Amino acid sequence: MRDLMILYGKTLFGMGLLLFFLTGSVVLLQSGWNHFGIPADGTTAVVWLRNPSLMGEVPVIEAQNRRICQGEKVYVNDLAVARDVNGEDISGRLVFQNEKGDLIKDRFNTEKPGKYTVVISVKSRITAKENKKSILVLVDGKVRP
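Residues numbered from 1 in each chain as written. Predicted model: local features only at pLDDT ≥ 70, side-chain atom pairs only at ≥ 80, totals over all residues. Heavy atoms only, no water.

**Considering the confidence of the model for the chain**
In the predicted model, the chain carries a mean pLDDT of 81, and the fraction of residues at 70 or more is 79%. A low-confidence stretch, residues 44–49 stays under pLDDT 50, and its non-local contacts, those more than four residues away or across chains, total 14 contacts. (pLDDT = per-residue confidence, 0-100. Contact = heavy atoms within 4.5 Å.)

Pasting the structure below:
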């Protein structure tokens, strides 16, 4: 009976020690990931090391409602500008959608007069956070002399 207790005691002690080391390894791995983590797009977050307060920040979209004449050529990239949390220009990463969720690429269609809602979104390379902004584009009918 005594030999059985010694055998099970050593086994339980070994399992407890193993559990202790595994828990410590997971905690160290998680803290390292939080400190030197990688955002969803795969770029390293070096800015987090210099300024950890940026982790919760979202990129800034600068866009205003626009009034456009019917038939005027308007490129969607001219509707907005975006800056990442570190001030870098990320306007090339802007995504433009109409109210139905369809992507608007290259030029904005100004053939029909009316009010159009454009949803602009951008995702930060540093924090992997997304920001959205809606603007209203008013296409005026052609004015006849």
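Once you've had a look at it, read on.
**Some details on unusual backbone geometry**
The backbone of Asp106 shows a phi angle near 60°, a positive value even though the residue is not glycine. Phi angles above zero are rare outside glycine, and Ala128 is one such case at about 60°. Here Ala128 is to be found in the loop between strand E7 (114–123) and strand E8 (130–140). (Helix = DSSP H or I, 4+ residues; strand = E, 2+ residues; numbered from the N terminus.)

**Some remarks on the packing of aromatic side chains**
For the structure shown, the criterion picks out two aromatic pairs. Ring geometry for Phe20 against Phe21: centres 5.7 Å apart, planes inclined by 65°, an arrangement best described as edge-to-face. On the basis of an interplanar angle of 80° and a centroid distance of 5.8 Å, the ring pair of Phe108 and Tyr116 is categorised as edge-to-face. Among the residues examined, Phe108 registers a relative accessible area of 8% and is labelled buried. Under the relative-accessibility criterion, Tyr116 is labelled partly exposed at 24%. (Phe/Tyr/Trp six-rings, centres within 6.5 Å; stacked < 30°, edge-to-face > 60°. Buried < 20%, exposed > 50% of the residue type's maximum accessible area, 1.4 Å probe, protein only.)

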